[in-house]
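# Observations on chain architecture
The chain contents come next:
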Amino acid sequence: MSTTSRVHLGGLLLAGLVQPLGPVTAQCTEDWLAPPVFEAGGAFGRGLDLQGDLLVVGADGVGTPGGGEGVLYVFREVGAEWALEVNIQGGLNNNGFGEPAVVDGELFLYGWDLGNELHVTAYWDEDGGAGDWIWLFGDSFPGGGHGLAMDIHEGLFAYGNASDVVKSIRWDGQSLSSHSFAQSPRPPAEQGDFGAAVGITRPGQTELLIVGEPESTSDPTAPGAVHVFREGSGWVFRQTLAPADVSIGDGFGRALSVDRETLVVTAPFQVGPRGEVGALYVYSMDTVLLEWVLVQKLVVDEEDAFLGFPVVDVDGDDLVASASALGELVAYYHFRRNASGLFALEDVIAPAGLTDQDGFGLGLALDDGRVAAGAPRLDAGPLEDVGGVVIHEFPPGCLAVTGVVPDAGLFHQQTSAVIGGLGFEPAPTAVSFGGAPATSVTWLSETTLLADAPPGVQGQVVDVTVTQGSEGDTLAGGFTYVGTEIQVLHPAAGNVTGGQSIVVTVSFPTTLADSSASVNGAPAAVVGQLSADTFELVTPGEVAVPGGPVDVVFTNANGVGVAVAGFTYTPALSVSVTGQTGTGGTLDLWWIDDPASTPGQLVWLWIDDPSVPDLPTTLPAFGGTLQSQPLVMVLSAFPVGFTPVALPFSPVPASLGGVPLSAQGVVTGEGGAKGSFTNVAGFQILP
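Residues numbered from 1 in each chain as written. Predicted model: local features only at pLDDT ≥ 70, side-chain atom pairs only at ≥ 80, totals over all residues. Heavy atoms only, no water.

All right, on to the nonpolar core then. Among the nonpolar cores identified, the biggest contains 20 residues, and Ile210, Phe252, Leu263, Tyr283 and Trp292 are the most heavily contacted of them. Elements with a contribution of two residues or more to this core: strand 19 (208-213), strand 20 (225-232), strand 22 (256-259), strand 23 (262-271), strand 24 (277-286) and strand 25 (291-301). (Core = buried A, V, L, I, M, F, W, Y, C linked by side-chain atoms within 4.5 Å. Buried < 20%, exposed > 50% of the residue type's maximum accessible area, 1.4 Å probe, protein only. Helix = DSSP H or I, 4+ residues; strand = E, 2+ residues; numbered from the N terminus.)

This is how it looks when you write it as structure tokens:
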């Protein structure tokens, strides 16, 4: 299975320099390895190691729901598949079985906690690939719960128990040598959890043992440190590494990894100036003095980021470190050494579908461009904490496009965008947006390009493609051409006679002179600009009965915005008059919006304008329809059944909408009643 995952992060602080990061990729390939036995609480992947074609994985709780019995699995890569070669069954109460587990050549070492003892066991494949694994030795430490740390290098086994001693024993292919011991060089009052992390390396001809001693978890009296011992008559103390900015509580030395002349030490609980948590200290070997020199500190420059880096592994020019959010492992960081000899962030691995409850990265191993990462809390259907292992590969020259910042731009302008990815080369590199070449491309790093997107078509979503020679990669739908959009339209209804004032807020405004609008296809006057992005329209009269809401279109120099079905024309009140023609009279008129309420709501209508006669000079022919005009209205409360006052007959409002009403009226004059009127369906009062 192959997937691509994406993570968006802020900047990374490298040796005091902040480097801006766009979205970065997960990996070029991703393959999942499921546990051979699906058991609740199996926790497959809590401990693991990878070297060459061998992968060892601990499952510390197989066989007992909730954990307690364990299995260690040994896989060998055959072709493109990982084949199970052997499994070693633990017993009841073997907590943490296979955590940790390390492999080197045809040797592997693993440990477990028996409750009152910590055990380690070593195996050797005497046939060198035939899978005939032979038990070499077992050892134990009194007292459980301290945890184990171990490493193998060229036949030398080293293991500690985060207590007071690190042991080592050598296998030369035929026999085992006796134990050698290393102990903390600190005075007893300052000693911590000596042996919480262990590493072995051989720069040149001298073998070195590196031991982490973070502050004691039970009685911290001094900051953490890392001690270096050289091979001699037993292990001879050589050097203590204790950076000046490390304090009690930082956990410096709780995890480390060493490869030849590179050493990486974590301080998983160190709090930075912005509240970020976790740091990596990178050392390089001075081969003349045979001493480690601090060359770099890696932290994530993101406020309140709890990354921690509780697990770390370095191999050649690659470095991986688990990351966490609020203490839950969710990803790991992949760094690569650049031409300056410093590590820079290459990508962040967060497989799709995992959550912060899956423990991704609790097990982590790096070898020759491949990473094995365990997710021991991963559920499988109804089975909880079954676990799984994902294997990532970073082939040289792998080209990937993973994100664009910003991922949208104004359609008729050139937009400068940062392209995030993997494997970018200085030249020749081409970038296209929907097939149209970028107007300029600038190489910033192996993971970052700067490109100018050419103009496009409003609303068009296009692919972004990076091409280097015959190789290319595309981020589907990576960029969108945007333009003016209607964001607010108020009110959303008005009467059919037009003249309704509407406030419209748009994106990408220009000026009043550049703007135009229409309602249901008829021009609407743009009469004012209330702010940089807000305009006032006046609706035209309804040109056709739409039978429903109509579209409002706003156009300016930055495009066309459409509010589909954004405005509704409310119907006018039609008054039918019957009876004799009269030269004068009054109309008793009221609307009750809630006849069931007490009191009812009475609406009085009139025009307070001397220029408008109290009575119309003419009335439509009997049986005809009088279309009304807007009037001033006054709302008053009256008891239900109130007899309305006779008001001068005046034009009735076309619509006062909002709530359907009932309406009644009587036309009176000399000699008595002359007629009546009723409202048409849908009559409403506007706000």
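Let's pick the thread back up.
If you walk across this open sheet you meet the 4 strands as 33-35-39-38, and the pairing is antiparallel. Two strands in the sheet have a free side with no partner beyond their single neighbour: strand 33 (400-405) and strand 38 (441-445). The average undirected angle you get between the axes of adjacent strands in this sheet is 30 degrees. Relative to strand 39 (residues 448-453), strand 35 (residues 415-422) runs antiparallel, the two sharing 6 bridges. (Pairing = 2+ DSSP bridges. Axes fitted to C-alpha atoms, helices over the stretch in contact; angles between N-to-C directions.)

As a further point, take the packing of aromatic side chains. Inspection of the entire model under this criterion finds 22 aromatic pairs. A ring pair is formed by Phe194 and Phe229, whose centres lie 6.3 Å apart and whose planes are at 85 degrees; its orientation type is edge-to-face. Remark: Phe229 occurs in strand 20 and Phe194 occurs in the loop between strand 17 (180-182) and strand 18 (197-201); sequence separation between them is 35 residues. Summarising the burial analysis for this pair, Phe194 and Phe229 share the class buried. (Phe/Tyr/Trp six-rings, centres within 6.5 Å; stacked < 30°, edge-to-face > 60°.)

Now for the pairing of strand 22. What you see with strand 22 is no split at all: Leu256 and Val258 on one side and Ser257 and Asp259 on the other are buried throughout. The pairing of strand 22 with strand 23 spans 4 bridges and is antiparallel. In the strand pairing of strand 23, Leu256 is matched with Val265. The hairpin turn running from strand 22 into strand 23, its antiparallel successor, is 2 residues long, and Arg260 in that turn takes a positive phi close to 55 degrees.

What follows concerns a negative patch on the surface. Together, Asp31, Glu81, Asp368 and Glu393 make up a region of like negative charge exposed at the surface. Checked against the element boundaries, Asp31 lands in strand 5 (residues 29-33). (Patch = residues over 30% accessible without salt bridge, like charges linked within 9 Å, V, L, I, M, F, W, Y side chains within 5 Å. Areas by Shrake-Rupley, 256 points an atom, 1.4 Å probe, with all protein chains shown as cover. Salt bridge = Lys/Arg side-chain N within 4 Å of Asp/Glu carboxyl O. Lys, Arg positive; Asp, Glu negative; His and termini not counted. Charge placed at Lys NZ, Arg CZ, Asp CG, Glu CD.)

Another point: a nonpolar patch on the surface. Residues Val560, Val562 and Val564 make up a contiguous nonpolar surface patch of roughly 260 Å² in combined accessible area. Looking at where Val560 falls in the secondary structure, it is placed in strand 49 (residues 559-570). Owing to a relative accessible area of 40%, Val560 belongs among the partly exposed residues under this scheme.

Let us now look at the confidence of the model for the protein chain. When pLDDT is averaged along the protein chain, the result is 75, and 72% of the positions lie at 70 or above. By mean pLDDT, the top-scoring element of the protein chain is strand 19 (97), and the lowest-scoring one is strand 3 (residues 17-19) (25). Below a pLDDT of 50 lies the segment residues 1-27, which in the model reaches 86 contacts outside its immediate sequence neighbourhood of four places, other chains included. Long-range and interchain partners of residues 572-687, a stretch whose pLDDT sits below 50, account for 215 contacts in this model, where long-range means more than four residues apart. (pLDDT = per-residue confidence, 0-100. Contact = heavy atoms within 4.5 Å.)

A few words on the sheet that holds strand 19. The 4 strands lie next to each other as 18-19-20-21, forming an open sheet whose pairing is antiparallel. For this open sheet the edge positions go to strand 18 and strand 21 (234-241), each flanked by a neighbour on one side alone. Averaged over all pairs of adjacent strands, the angle between strand axes in this sheet comes to 25 degrees, irrespective of strand direction. Pairing of strand 19 with strand 20 involves 6 bridges; the strand directions are antiparallel. Residue pairing across strands places Ile210 opposite Val228, the latter belonging to strand 20.

The next point concerns the side chain of Ser518. Along the chain, Ser518 turns up in strand 45 (residues 516-519). Among the residues examined, Ser518 registers a relative accessible area of 16% and is labelled buried.

Within strand 14 (residues 149-153), 5 of the 5 residues are buried, which leaves it mostly tucked inside the rest of the structure. Residue alternation in strand 14 divides its side chains into two sets, Ala149, Asp151 and His153 and Met150 and Ile152, and both sets are buried. Looking at chain direction, strand 14 and strand 15 (residues 156-160) are connected through 5 bridges and run antiparallel. Looking at the pairing, Asp151 lines up with Ala158 of strand 15. Joining the antiparallel neighbours strand 14 and strand 15 is a turn of 2 residues, in which Glu154 adopts a positive phi near 50 degrees.

Under the defined criterion, the tally for this structure stands at 15 salt bridges. The partner of Glu85 in a salt bridge is Arg76, and the shortest N-O contact between them spans 2.6 Å. On the basis of relative accessible area, Arg76 is assigned to the buried category, the value being 7%. Between Arg336 and Asp318 there is a salt bridge; the shortest N-O distance is 3.0 Å. Taken as a pair, Arg336 in strand 28 (residues 328-337) and Asp318 in strand 27 (residues 318-325) lie far apart in primary sequence, 18 residues in all.

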